[in-house]
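Here is how the chains run, residue by residue.
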Amino acid sequence: MTNFLIKGGRVVDPANNLDGVKDILVEKGKICAVSDRIEKDGVRVISAEGKLVLPGLIDMHVHLREPGREDEETIETGTRAAARGGFTSVACMPNTDPPADNAGVVKFILSQAELTGCVRVYPVGSISKGLRGEELSDIGELFEAGVVGISDDGEPVSDSNLMRRALEYASMFHLTVISHCEEKALSSEGIINEGYVSTVLGLAGIPAAAEEVMVARDIILAEMTGASLHIAHVSTSGSVELIRRAKSKGINLSAETAPHYFTLTDEEVRSFDTNLRVNPPLRTVRDLEAIIEGLKDGTIDAIATDHAPHSVVEKEQEFALAPPGMIGLETAFSLVMSELVDKGVLSLEQAVAKMTVNPAKILGLDAGRLNEGADADITIVDPDKGYTVDAERFASKSKNSPFIGREVRGMVETVIVAGQPVLENGKFVLEKK
Amino acid sequence: MNWKRKDLLGLEELKKEEIEFVLDTADSFREISTRAIRKVPALRGRTIVLFFLEASTRTRVSFELAAKRLSADLVNISSSTSSMLKGETLKDTIRNITAMEVDLVIVRHGMAGAPHWLAREIEPGVVNAGDGCHEHPTQALLDMLTIREKKKKLEGLRVAIVGDISHSRVARSNIWGLTKVGASVVVAGPPTFIPPCIEKMGVTVKYRVEEALEGADVVMALRIQRERQGKNLIPSLREYRKIFGISRERLRLSKPDALVMHPGPINRGIELDPDVADGPQSVILDQVTSGVAVRMAVMYLLCGVGKEAISRQLSAVSKKQKAESL
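Treat the numbers as computed from the prediction; the structure is a model and nothing was measured.

## Details of the environment of Ile94 of chain B
Residues and elements named next belong to chain B.
Thinking step 1. Take Ile94: it is sitting in helix 3 (residues 90-99).
Thinking step 2. The class for Ile94 is buried, based on a relative accessible area of 0%.
Thinking step 3. Along the chain, Ile94 and Leu50 lie 44 residues apart, while their C-alpha atoms are 11 Å from each other.

So, in structure tokens, the structure goes:
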């Protein structure tokens, strides 16, 4: 394990209210010192002048597809995509095949991550057995195996009593319940957001109410149980309003949104590009503005990608047949910089918090900060470097991004996980952790 | 004008002039179907593929006759006879077909956007013969041709479209087409059949059929699909008929010479009473006749042949029309 000194970068560490030019000394995988000027002989120096030095980013919502759909993504390729996007930790959703509804699958994911992954992988276990929404998974066993939360993501928990019991039961392990809010009776056979665009295209609509009805239900259950609830991929104006009101009442909940909900609207779907099919669907400008407002005032705590790889074969179909989802790990940070920080929506510190310390707090991870003594997970970014999103450059096994060809700013250059450089100057230097 | 499009995917993207050009071209083709020998060599040596992945009688036969009357070579593919049954994807099927050098592909598909995607993927022209609930441009064109023939104009007419607007590609294409040429369109049906924000397409919405029919020059009834029953969009066909069915009595609210139209197939006694469907104001079979002419025009234009010939014919037609009007 090498020791090194990161010199002259602008260190932004929201957990410690730190924003300034500092040097960081890393020894034995830990952050040894953060200070105005550190001189030390015999250590490797990484110059970070003009760069941003951030706590390694945390994506609390990804799909790594292993086990089951290794043709779309593996833990190896998914974590490489994460590293390329500046993420040093990812929380992966349990809707694999077989699903992470038992300790065996969770242990498999952790061991694959150990063997093939290049960033930290935190499995999320399922709420219900087989993600069927009928019976609770062995949540205690999942907890012991190392899950950081539970979710049936991809499917909602339609049975309100099951959701209530999940919240209550998980609270004894201090596990956050991550809810995919979708009232299936309302989303029905919907393909895109219900509104003018669905009317023109003749595609069945998913009304905003399909999400909001369940957000409201879960808020009520969170209040009743006092358990820790997290609302995944918030996409509508009404959800933002419900969450804002719940927070002001002191209910224990948090929320995330994904970059596509603050950059794209259903108008884009007019092209019938299947990479724009996602669940929840892209909404209207009004919703997009409300999401931005929610990010600004703190209603939305975290930015997660909902990285959902799908093969070309599956996406090259009729729009209604193409599975919903888009990849996001490799574009998220640049989109946050270009669309939120550059446009003055969020300060750099706020933006970084939503991708580091906030998700860490929600999942109870000891990560996302640059304290002395903390694990050295560090991301170095060139904030001024603009580039065009290029599918050829993706480390992900899948290419289903609607952002291909988009001009963005903020290039991830160096990523350090547990004191080991994984990416340096945009190139992989460590194949395996 | 010159026709510059490779494909005909919908009326949303067509300009008023283009719509009128297709209608004028169709007018010039009408007469061929009335000859003793109903065939001209216009598309001899051209290959047209009919790729129908959804049930159809009228539209399919109409395209088929149109192609034959223009002497094109015709290939018919349907989902039940294609290797898509063996699991071949739509993309592979269509690329294989086009590798055999074809000029035009006519696609009907149950899902919105499928023809648009194919049009991007393949070199030959693509005609949308109905994609899900999205568009059915040739149907709207033939409706407009029929109206124009009977009313001698489209601009300023009041057209009422009654039924399940939400699931109707015919309604969408007609709304785009009719509003572009200056007709005013009223749509009517229960709120469960009216899709959100449809006013933005330039129409007026009425929930009482009587209000929609009042003063209408054209009454277009849409097929109520029986499979919609049981999805709680309407309580029953019986109740639909009672509240929205076009009866002789209700039709009296429209102008005395109002046209009654239906894209077919009709549920007699549900959306249209039989005596209205077969009554003197009904032009339902004229629509079918117009269909062949419209599809001949579309194939002719998209196969990219004889643009000069078109303008020659058109000038002859307009001379003839002028002579008639004098």
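Read on for the rest.
## Description of the packing of helix 5 (residues 137-151) of chain B against helix 11 (residues 284-302) of chain B
Residues and elements named next belong to chain B.
Thinking step 1. With their axes 8 Å apart at the nearest point, helix 5 and helix 11 run at an angle of 120° to one another. With respect to the hand of their crossing, helix 5 and helix 11 are arranged in right-handed fashion. On the side of helix 5, the interface is formed by Thr138, Gln139, Leu141, Leu142, Asp143, Leu145, Thr146 and Lys150, while helix 11 contributes Asp286, Gln287, Ser290, Gly291, Ala293, Val294, Arg295 and Val298.
Thinking step 2. Partitioned by chemical class, the residues of the contact of helix 5 with helix 11 number 6 nonpolar, 6 polar and 4 charged.

## Remarks on the pattern of salt bridges
Thinking step 1. Using the criterion set out here, one finds 55 salt bridges over all chains in the structure.
Thinking step 2. Measuring nitrogen to oxygen at the nearest pair gives 2.8 Å for the salt bridge that ties Glu12 of chain B to Arg270 of chain A. Linking Glu12 of chain B in the segment before helix 1 (16-30) with Arg270 of chain A in the loop between helix 9 (259-263) and helix 10 (285-296), this pair reaches from one chain into another.
Thinking step 3. Glu12 of chain B gets classed as partly exposed once you look at its relative accessible area, which sits at 24%.
Thinking step 4. What makes Arg270 of chain A partly exposed here is its relative accessible area of 28%.
Thinking step 5. Residues Asp27 of chain B and Arg148 of chain B are paired through a salt bridge, measuring 2.6 Å at the closest nitrogen-oxygen approach.

## Description of the pairing of strand 5 (residues 158-162) of chain B
Residue and element names in this part refer to chain B.
Thinking step 1. The buried fraction of strand 5 amounts to 4 of the 5 residues, a majority that puts the element mostly inside the structure.
Thinking step 2. Inspection of the sheet shows strand 5 paired to strand 6 (residues 184-188) by 5 bridges, in the parallel sense. Counterpart to Val159 in the pairing with strand 6 is Val185.
Thinking step 3. Assessed by its sense of winding, the connection that carries the chain from strand 5 through helix 6 (residues 169-180) to strand 6 is right-handed.

## Concerning the packing of helix 1 of chain B against helix 11 of chain B
Residues and elements named next belong to chain B.
Thinking step 1. At their nearest, the axes of helix 1 and helix 11 sit 8 Å apart, and the two run at 115° to each other. As far as their axial angle goes, helix 11 and helix 1 are roughly perpendicular. Classified by chirality, the crossing of helix 11 by helix 1 is right-handed. Each of Phe21, Val22, Thr25, Ala26, Phe29 and Arg30 in helix 1 lies in contact with helix 11, whose residues at this interface are Ser290, Ala293, Val294, Met296, Ala297, Val298, Tyr300 and Leu301.
Thinking step 2. Of the residues belonging to the contact of helix 1 with helix 11, the class tally is 11 nonpolar, 2 polar and 1 charged.

## Overview of the packing of aromatic side chains
We describe a pair of aromatic rings using the distance from one ring centre to the other and the angle between the two ring planes.
Thinking step 1. This structure, assessed with the given rule, holds 6 aromatic pairs over all chains.
Thinking step 2. Considering the side-chain rings of Phe29 of chain B and Tyr300 of chain B, the 5.1 Å spacing of their centres and the 75° angle between planes classify their relative orientation as edge-to-face. Linking Phe29 of chain B in helix 1 with Tyr300 of chain B in helix 11, this pair joins segments that are 271 residues apart in sequence.
Thinking step 3. By the ring-pair criterion, three or more aromatic residues cluster together here, those being Phe143, Tyr169 and Phe173 of chain A.
Thinking step 4. Sitting above the plane of the Phe428 of chain A ring, Arg80 of chain A keeps its charged end 4.0 Å from the centroid.
Thinking step 5. Taking the ring centre of Phe63 of chain B as reference, the NZ or CZ of Arg295 of chain B above it sits at 4.8 Å.

## Details of helix 5 of chain B
Because each turn of an α-helix spans 3.6 residues, side chains separated by three or four positions end up pointing in the same direction.
Residues and elements named next belong to chain B.
Thinking step 1. Along its 15 residues, helix 5 runs 21 Å from first to last C-alpha, staying within 8% of the 21 Å computed at 1.5 Å per residue.
Thinking step 2. Counting buried positions along helix 5 gives 13 out of 15 residues, so the element sits mostly inside the fold.
Thinking step 3. Trailing helix 5 by a residue or two, Lys152 shows a phi angle of about 65°, which is positive.

## Re the sheet that holds strand 8 (residues 120-123) of chain A
Residues and elements named next belong to chain A.
Thinking step 1. Pairing within the open sheet is parallel, and its 3 strands lie in the order 6-7-8. Of all the strands in the sheet, just strand 6 (57-62) and strand 8 have a single pairing partner and so form its edges. Put simply, the sheet's adjacent strands are angled 20° from each other on average, direction ignored.
Thinking step 2. Of the strand pairs in this sheet, strand 6 and strand 7 (residues 87-92) are connected by 4 bridges, and their pairing is parallel. The residue of strand 7 that forms the bridge with Ile58 is Ser89.

## Here's the deal with the domain arrangement of chain A
All names here are of chain A.
Thinking step 1. Under the domain assignment, chain A is made up of domain 1 (4-53 + 373-428) and domain 2 (56-363).
Thinking step 2. Listed by partner, the interface residues are 39 residues for domain 1 and 49 residues for domain 2.
Thinking step 3. Sorting the residues of domain 1 by area buried against domain 2 places Asn400, Phe403 and Arg409 first, and these three jointly supply 19% of that buried surface.
Thinking step 4. A salt bridge links Arg406 to Glu339; the nearest nitrogen and oxygen atoms lie 3.1 Å apart.
Thinking step 5. Run the count over domain 1 and domain 2 and you get 21 residue pairs in polar contact (both at pLDDT 80 or more).
Thinking step 6. Those elements giving two or more residues to the side of domain 1 that touches domain 2 turn out to be strand 1 (4-13), strand 16 (378-388), strand 17 (407-417) and strand 18 (420-424).
Thinking step 7. Residue classes in the side of domain 1 that touches domain 2 are distributed as 22 nonpolar, 8 polar and 9 charged.

## What about the interface of chain A and chain B?
Thinking step 1. Contacts between the two partners involve 19 residues from chain A and, on the opposite side, 22 residues from chain B.
Thinking step 2. Across the interface of chain A and chain B, roughly 1700 Å² is buried in total on both sides, 59% from carbon and sulfur atoms.
Thinking step 3. Among the residues chain A hides against chain B, the three largest losses belong to Tyr196, Thr199 and Glu318 of chain A. Together they make up 37% of the total.
Thinking step 4. Connecting chain A to chain B are 3 salt bridges.
Thinking step 5. Across the pair Glu316 of chain A and Lys91 of chain B runs a salt bridge whose closest N-O atoms are separated by 2.5 Å.
Thinking step 6. When its residues are assigned to classes, the side of chain A that touches chain B shows 8 nonpolar, 6 polar and 5 charged.

## What about the sheet that holds strand 3 (residues 104-109) of chain B?
All names here are of chain B.
Thinking step 1. Taken in spatial order, the 4 strands line up as 2-1-3-4 in an open sheet, and their pairing is parallel. Looking at the sheet topology across the chains shown, the edges are occupied by strand 2 (73-78) and strand 4 (125-131). The sheet shows a mean angle of 15° between the axes of neighbouring strands, direction not considered.
Thinking step 2. For strand 3 and strand 4, the ladder comprises 5 bridges, and the chain directions are parallel.

## A few points about the nonpolar core
Soluble globular proteins tend to bury their nonpolar side chains together.
Thinking step 1. Ile48, Ile106, Leu141, Ile161, Val187 and Met299 of chain B are the most contacted members of the largest nonpolar core, which has 94 residues in total.
Thinking step 2. Sorting elements by how many residues they give to this core places helix 11 of chain B first, with 10 residues.
Thinking step 3. Per-domain counts for this core show at least three residues from each of domain 1 (4-53 + 373-428) and domain 2 (56-363) of chain A.
Thinking step 4. Residue contacts for Ile161 of chain B: discarding those within four places in its chain leaves Ala171, Asn174, Ile175, Val185, Val186, Val187, Ala188, Met220 and Leu222 of chain B.
Thinking step 5. By size, the runner-up hydrophobic cluster in this structure holds 81 residues, among which are Ala113, Leu162, Phe173 and Leu229 of chain A.

## Regarding helix 8 (residues 237-248) of chain A
Residue and element names in this part refer to chain A.
Thinking step 1. A rise of 1.5 Å per residue sets the reference length of helix 8, with its 12 residues, at 16 Å; its end C-alpha atoms lie 17 Å apart and thus fit the reference within 8%.
Thinking step 2. Within helix 8 the residues assigned to the buried category are Ser237, Gly238, Ser239, Val240, Ile243 and Ala246.
Thinking step 3. Where the residues of helix 8 are buried, they touch helix 7 (208-225), strand 13 (229-231), strand 14 (253-257) and helix 10.
Thinking step 4. Gly250 occupies a position one or two residues after helix 8 and carries a positive phi of about 85°.

Calculation rules
- Residues numbered from 1 in each chain as written.
- Chains lettered and ligands numbered in written order.
- Predicted model: local features only at pLDDT ≥ 70, side-chain atom pairs only at ≥ 80, totals over all residues.
- Heavy atoms only, no water.
- Helix = DSSP H or I, 4+ residues; strand = E, 2+ residues; numbered from the N terminus.
- Buried < 20%, exposed > 50% of the residue type's maximum accessible area, 1.4 Å probe, protein only.
- Axes fitted to C-alpha atoms, helices over the stretch in contact; angles between N-to-C directions.
- Left-handed = near helix turned anticlockwise from the far one by under 90°.
- Contact = heavy atoms within 4.5 Å.
- Nonpolar A, V, L, I, M, F, W, Y, C, P; charged D, E, K, R; others polar.
- Salt bridge = Lys/Arg side-chain N within 4 Å of Asp/Glu carboxyl O.
- Pairing = 2+ DSSP bridges.
- Right-handed = clockwise from strand over helix to strand, strands pointing away.
- Parallel < 35°, antiparallel > 145°, perpendicular 65-115°, else oblique.
- Phe/Tyr/Trp six-rings, centres within 6.5 Å; stacked < 30°, edge-to-face > 60°.
- Lys NZ or Arg CZ within 6 Å of the ring centre and 35° of its normal.
- Expected span 1.5 Å × (residues − 1).
- Domains from an automatic or database assignment.
- Buried area = accessible area lost by both parts, 1.4 Å probe.
- Polar contact = N/O pair within 3.5 Å; in protein donor to acceptor, adjacent residues only side chain to side chain.
- Core = buried A, V, L, I, M, F, W, Y, C linked by side-chain atoms within 4.5 Å.

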